[in-house]
Amino acid sequence: MAHKLRFGSLLLLLGLSGNALATQPQQITIGYQKSNIFTLLKSRGTLDDALEKEGIKVRWVEFPAGPQMLEGLNVGSIDLASTGDVPPVFAQAARADLVYLAYAPAHPKTEAIVVPKDSTIKTIQDLKGKRVALNKGSDVHYLLAAALEKAGLSYKDIKSVYLPPADARAAFQRGAIDAWATWDPFLSEVEINTGARQITNGEGLVPHYTFYLASRKFVDTYPQTAEKVIQELVVLSDWANRHPDEAANILANATKLDKAIWQRTLARFTYGAERMTPTVFNQQQVLADTFTRLRLLPVKINVRSASWSLDNIPVNTP
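- Going by an unreviewed UniProt entry, the protein chain carries the name Putative aliphatic sulfonates-binding protein and comes from Xenorhabdus stockiae.
- Recorded under Subcellular location (unreviewed entry), the UniProt text for the protein chain is reproduced unchanged: "Periplasm".
- We quote the UniProt Function (unreviewed entry) comment for the protein chain here in full: "Part of a binding-protein-dependent transport system for aliphatic sulfonates. Putative binding protein."

Next comes the structure, spelled out in structure tokens:
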């Protein structure tokens, strides 16, 4: 990875200069979803073991989705989280004081708009007047917006049906909706078990990143601990990419989905933890501006206001 995080060397330099950063916490609280990378980290126990040696306890709190998790980050019930690209934009609009620590490589093929296998709908243009289910404020909200815009359609041309994944899956099964904008592993599940057909995925439309996020208060107070979490994610990502079968076993057990579903998901996904770049921030700003233009965000936001770097952390001089 060209931009793989190398925070440790900076901390070493700070230590050699005789300066000291803030003291370490007694505990960190990490929000996670059953289907994301923190589930792997929790299951393997490498972060718990590494921090235990420093006298730090890890507390894991499960959330159903990214928006709820970032609300937890905003009110201080968790310190770190990992979500897709849309939830942090909505969180910023709600004045959450979060920061982007790092990101995983883009994975646009892990989200798509699907229709039943025998549907007459073949293209995005065919969605005009149709009922399209999606989870409001999720990553696929951006995918649907981008797909409609490219096809010369608007939200007024479709009938949006806001449903969480479980309810959308049931509606898809009984024919109550015409199409479903969803993401993995739900995407792989519905493809395998119903033969659902993609009319588009995110490729060429949206990058679809995973972001590692934290409260600004936490990272400003405990930068070494934040750095340690990201470094463990770098190591874990390398392991997961080299051992997809073992990773699929862990995720299948956590989510109660068949291993085959996770094997399909991981075949189109690459784990990683890389330093934020101007390009990634610019792509997030395009996303935010799109939602503002569509009046899905109530205010215009500056994504870069949520940037953070160890370079900016003050140190104590002797």
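1. Focus: the pattern of salt bridges
Move 1: Tallied over the entire structure, the rule returns 13 salt bridges.
Move 2: A salt bridge links Arg268 to Glu191; the shortest N-O distance between them is 2.9 Å. Here Arg268 is found in the loop between helix H12 (259-266) and strand E11 (274-275), whereas its partner Glu191 is found in helix H8 (residues 186-194), with 77 residues between them in sequence. Both residues of the pair, Arg268 and Glu191, belong to the buried class.
Move 3: Arg242 is the salt-bridge partner of Asp238, the closest N and O atoms lying 3.1 Å from each other.

2. Focus: the pairing of strand E5 (residues 111-115)
Move 1: Taking burial as the measure, the five residues of E5 include five buried ones, the bulk of the element.
Move 2: Because side chains alternate across E5, one face comprises the buried residues Glu111, Ile113 and Val115, and the other comprises Ala112 and Val114, equally buried.
Move 3: Pairing between E5 and strand E8 (residues 179-183): four bridges, direction antiparallel. In the strand pairing of E8, Ala112 is matched with Thr182.
Move 4: Alignment of E5 against strand E9 (residues 197-201), held across four bridges, turns out to be antiparallel. Paired with Val115 across the two strands is Arg197, which belongs to E9.

3. Concerning the packing of aromatic side chains
Move 1: Here the structure, examined in full by the defined rule, presents 13 aromatic pairs.
Move 2: Here Phe269 and Tyr271 contribute two aromatic rings whose centre-to-centre distance is 4.7 Å and whose plane-to-plane angle is 75 degrees, an arrangement assigned as edge-to-face. With respect to class, Phe269 is no different from Tyr271; both count as buried.
Move 3: Site record: aromatic cluster; members linked through ring pairs are Tyr100, Tyr103, Tyr209, Phe211 and Phe281.
Move 4: The ring of Trp239 carries Arg44 above its face, with NZ or CZ at 3.8 Å from the centroid.

What counts and how
- Numbers given to residues run from 1 along each chain, matching the order in which its sequence is written.
- Only residues with pLDDT of at least 70 get local features here, since the model is predicted, and only at 80 or more are side-chain atom pairs given and counted; chain-wide, interface and lining totals rely on the full set of residues.
- Think of the side-chain values as coming from all heavy atoms in the structure, minus any hydrogens and water.
- UniProt positions are given in the numbering used here, feature names are shortened, and annotations may be inferred rather than shown by experiment.
- By salt bridge we mean one thing: a side-chain nitrogen of Lys or Arg within 4 Å of a carboxyl oxygen of Asp or Glu.
- Where helices and strands are cited, they refer to DSSP runs of H or I of at least four residues and of E of at least two residues respectively, numbered from the N terminus.
- Three exposure classes are used, based on accessible area relative to the maximum for each residue type with a 1.4 Å probe and protein chains only: buried under 20%, partly exposed in between, and exposed over 50%.
- Any two strands are treated as partners once DSSP identifies two or more bridges connecting them.
- For Phe, Tyr and Trp, where Trp contributes only its six-membered ring, two rings pair if their centres lie within 6.5 Å, and the inter-plane angle classes them as stacked under 30 degrees, edge-to-face over 60, or tilted in between.
- Either the NZ atom of lysine or the CZ atom of arginine qualifies as a charge over a ring when it sits within 6 Å of the ring centre and within 35 degrees of the ring normal.

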